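An overview of the molecular structure
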Amino acid sequence: MSRAVATKRNAKPARAAYVLDEQIGFILRQVWQRHAMIFARDIGINLTPTQWAALAKLQETGPCSQNQLGRLTAMDVATIKGVIDRLTARGLTETSPDPEDGRRLLVSLTKAGQQLAEKAAPNALAISRETLAPLEAKERELLMVLLNKLR
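Model, not experiment: these values are computed from the prediction.

1. Considering the pattern of salt bridges
- Per the stated rule, a full pass over the model turns up seven salt bridges.
- For Arg104, the salt bridge is made with Asp98, and the minimal N-O distance between the two is 3.0 Å.
- Asp101 serves as the salt-bridge partner of Arg103, at 3.1 Å between the closest nitrogen and oxygen.
- We classify Asp101 as buried; its relative accessible area is 18%.

Written out as C-alpha coordinates, the structure reads:
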(Lines give C-alpha, C1' and ligand atoms only; values in the text may rest on other atoms or scores of the structure.)
Protein backbone atom coordinates (compact mmCIF):
# COMPACT_ATOMS: atom_id res chain seq x y z
CA MET A 1 0.00 0.00 0.00
CA SER A 2 1.37 3.37 -0.90
CA ARG A 3 2.01 6.01 1.70
CA ALA A 4 -0.61 8.34 0.14
CA VAL A 5 -3.35 5.67 0.43
CA ALA A 6 -2.43 4.91 4.08
CA THR A 7 -2.48 8.62 4.96
CA LYS A 8 -5.87 9.07 3.30
CA ARG A 9 -7.36 6.11 5.22
CA ASN A 10 -6.12 7.47 8.57
CA ALA A 11 -7.17 11.05 7.92
CA LYS A 12 -10.15 12.34 9.87
CA PRO A 13 -13.02 13.46 7.71
CA ALA A 14 -13.57 17.19 7.42
CA ARG A 15 -16.09 18.50 9.95
CA ALA A 16 -19.56 18.15 8.50
CA ALA A 17 -21.54 21.34 8.00
CA TYR A 18 -24.53 19.66 9.67
CA VAL A 19 -23.82 17.82 12.91
CA LEU A 20 -26.98 16.11 14.13
CA ASP A 21 -26.04 16.19 17.82
CA GLU A 22 -25.86 19.99 17.67
CA GLN A 23 -29.31 20.56 16.16
CA ILE A 24 -32.15 21.96 18.27
CA GLY A 25 -34.74 19.52 16.91
CA PHE A 26 -32.60 16.50 17.73
CA ILE A 27 -31.82 17.80 21.22
CA LEU A 28 -35.50 18.62 21.88
CA ARG A 29 -36.48 15.11 20.74
CA GLN A 30 -33.97 13.56 23.15
CA VAL A 31 -35.23 15.77 25.99
CA TRP A 32 -38.83 14.84 25.08
CA GLN A 33 -37.93 11.13 25.13
CA ARG A 34 -36.43 11.52 28.61
CA HIS A 35 -39.49 13.45 29.81
CA ALA A 36 -41.88 10.87 28.28
CA MET A 37 -40.05 8.06 30.09
CA ILE A 38 -40.32 9.94 33.40
CA PHE A 39 -44.01 10.65 32.67
CA ALA A 40 -44.83 7.00 31.89
CA ARG A 41 -43.00 5.81 34.98
CA ASP A 42 -44.40 8.36 37.45
CA ILE A 43 -47.86 9.55 36.38
CA GLY A 44 -49.36 6.76 38.49
CA ILE A 45 -52.35 6.14 36.24
CA ASN A 46 -52.86 4.74 32.77
CA LEU A 47 -52.76 7.99 30.76
CA THR A 48 -50.72 9.17 27.82
CA PRO A 49 -49.20 12.67 27.86
CA THR A 50 -51.85 13.86 25.37
CA GLN A 51 -54.67 12.40 27.48
CA TRP A 52 -53.23 14.06 30.57
CA ALA A 53 -52.96 17.37 28.68
CA ALA A 54 -56.66 17.21 27.78
CA LEU A 55 -57.72 16.34 31.34
CA ALA A 56 -55.51 19.01 32.87
CA LYS A 57 -56.71 21.69 30.46
CA LEU A 58 -60.38 20.78 31.05
CA GLN A 59 -59.78 20.96 34.79
CA GLU A 60 -58.18 24.37 34.28
CA THR A 61 -60.72 25.88 31.87
CA GLY A 62 -63.92 23.95 32.40
CA PRO A 63 -66.08 22.72 29.50
CA CYS A 64 -65.08 23.79 26.00
CA SER A 65 -65.53 22.64 22.44
CA GLN A 66 -63.34 19.83 21.17
CA ASN A 67 -61.89 22.22 18.59
CA GLN A 68 -60.99 24.79 21.25
CA LEU A 69 -59.52 22.09 23.48
CA GLY A 70 -57.34 20.96 20.59
CA ARG A 71 -56.04 24.50 20.13
CA LEU A 72 -55.43 24.92 23.87
CA THR A 73 -53.45 21.66 24.02
CA ALA A 74 -51.62 22.05 20.69
CA MET A 75 -53.31 19.00 19.13
CA ASP A 76 -54.63 18.76 15.61
CA VAL A 77 -58.28 17.88 14.93
CA ALA A 78 -57.69 14.14 14.44
CA THR A 79 -55.50 13.80 17.53
CA ILE A 80 -57.84 15.62 19.92
CA LYS A 81 -60.81 13.63 18.58
CA GLY A 82 -59.01 10.35 19.30
CA VAL A 83 -57.94 11.54 22.74
CA ILE A 84 -61.48 12.60 23.69
CA ASP A 85 -62.98 9.40 22.25
CA ARG A 86 -60.62 7.32 24.44
CA LEU A 87 -61.22 9.46 27.54
CA THR A 88 -65.00 9.30 27.00
CA ALA A 89 -64.85 5.50 26.56
CA ARG A 90 -63.12 5.36 29.95
CA GLY A 91 -65.81 7.55 31.53
CA LEU A 92 -63.43 10.46 32.18
CA THR A 93 -64.97 13.00 29.79
CA GLU A 94 -68.40 13.54 28.32
CA THR A 95 -69.94 15.73 25.66
CA SER A 96 -73.09 17.81 25.79
CA PRO A 97 -74.75 20.35 23.48
CA ASP A 98 -73.44 23.90 23.77
CA PRO A 99 -76.38 26.00 25.08
CA GLU A 100 -75.13 28.97 23.02
CA ASP A 101 -74.65 27.03 19.76
CA GLY A 102 -76.67 23.86 19.26
CA ARG A 103 -74.37 22.73 16.43
CA ARG A 104 -71.40 22.49 18.78
CA LEU A 105 -70.63 19.96 21.51
CA LEU A 106 -68.88 20.87 24.71
CA VAL A 107 -66.38 18.47 26.27
CA SER A 108 -66.23 18.34 30.05
CA LEU A 109 -64.78 16.18 32.78
CA THR A 110 -67.03 13.65 34.43
CA LYS A 111 -66.86 13.29 38.19
CA ALA A 112 -64.43 10.38 37.68
CA GLY A 113 -62.36 12.53 35.31
CA GLN A 114 -62.25 15.37 37.83
CA GLN A 115 -61.16 12.99 40.59
CA LEU A 116 -58.48 11.42 38.37
CA ALA A 117 -57.14 14.83 37.34
CA GLU A 118 -56.94 15.90 40.98
CA LYS A 119 -55.19 12.65 41.92
CA ALA A 120 -52.66 12.89 39.07
CA ALA A 121 -51.80 16.60 39.41
CA PRO A 122 -49.19 16.14 42.19
CA ASN A 123 -47.51 13.39 40.14
CA ALA A 124 -47.51 15.61 37.05
CA LEU A 125 -45.87 18.43 39.01
CA ALA A 126 -43.23 15.99 40.29
CA ILE A 127 -42.61 14.83 36.70
CA SER A 128 -41.95 18.40 35.62
CA ARG A 129 -39.60 18.89 38.55
CA GLU A 130 -37.68 15.71 37.72
CA THR A 131 -37.42 16.62 34.05
CA LEU A 132 -35.82 19.93 35.04
CA ALA A 133 -33.82 18.52 37.98
CA PRO A 134 -30.42 18.57 36.24
CA LEU A 135 -30.68 22.36 36.03
CA GLU A 136 -30.10 24.94 38.75
CA ALA A 137 -33.10 27.11 39.71
CA LYS A 138 -31.97 30.09 37.59
CA GLU A 139 -31.29 27.77 34.64
CA ARG A 140 -34.80 26.30 34.93
CA GLU A 141 -36.32 29.78 34.87
CA LEU A 142 -34.18 30.81 31.89
CA LEU A 143 -34.98 27.62 29.99
CA MET A 144 -38.72 28.18 30.42
CA VAL A 145 -38.41 31.81 29.30
CA LEU A 146 -36.40 30.79 26.22
CA LEU A 147 -38.69 27.89 25.30
CA ASN A 148 -41.74 30.14 25.62
CA LYS A 149 -40.08 32.59 23.20
CA LEU A 150 -39.74 29.74 20.68
CA ARG A 151 -43.45 28.77 20.76
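2. Examining helix α2 (residues 24-42)
- For α2, built from 19 residues, the straight-helix expectation of 27 Å at 1.5 Å per residue is met to within 8% by its first-to-last C-alpha distance of 27 Å.
- Taken together, the buried positions of α2 are Phe26, His35, Ile38 and Phe39.
- Of the surrounding secondary structure, the elements contacted by the buried residues of α2 are α3 (49-61) and α6 (111-132).
- Gly44 sits one or two positions beyond α2 and adopts a positive phi of about 85 degrees.

3. Structural notes on the pairing of strand β3 (residues 101-109)
- Alignment of strand β1 (residues 64-65) against β3, held across two bridges, turns out to be antiparallel. Along β3, the bridge assignment pairs Cys64 with Val107.
- Sheet topology places strand β2 (residues 93-98) next to β3; six bridges connect them, and they run antiparallel. Bridging from a neighbouring strand, Ser96 pairs with Leu106 of β3.

4. Some details on the sheet that holds β3
- Spatially, the three strands line up as an open sheet ordered β1-β3-β2, and their pairing is antiparallel. Strands at the two margins of the open sheet, each flanked by one partner only, are β1 and β2.
- Along the sheet, α3 contacts β1, β2 and β3; its crossing angle with β3, the most-contacted strand, is approximately 105 degrees.

5. Examining unusual backbone geometry
- For Ala74, which is not glycine, the phi torsion reads 60 degrees and is therefore positive.
- With respect to the helices and strands, Ala74 occurs in the loop between α4 (66-72) and α5 (77-89).
- On the basis of relative accessible area, Ala74 is assigned to the exposed category, the value being 72%.

Calculation rules
Residues numbered from 1 in each chain as written. Predicted model: local features only at pLDDT ≥ 70, side-chain atom pairs only at ≥ 80, totals over all residues. Heavy atoms only, no water. Salt bridge = Lys/Arg side-chain N within 4 Å of Asp/Glu carboxyl O. Buried < 20%, exposed > 50% of the residue type's maximum accessible area, 1.4 Å probe, protein only. Helix = DSSP H or I, 4+ residues; strand = E, 2+ residues; numbered from the N terminus. Expected span 1.5 Å × (residues − 1). Contact = heavy atoms within 4.5 Å. Pairing = 2+ DSSP bridges. Axes fitted to C-alpha atoms, helices over the stretch in contact; angles between N-to-C directions.

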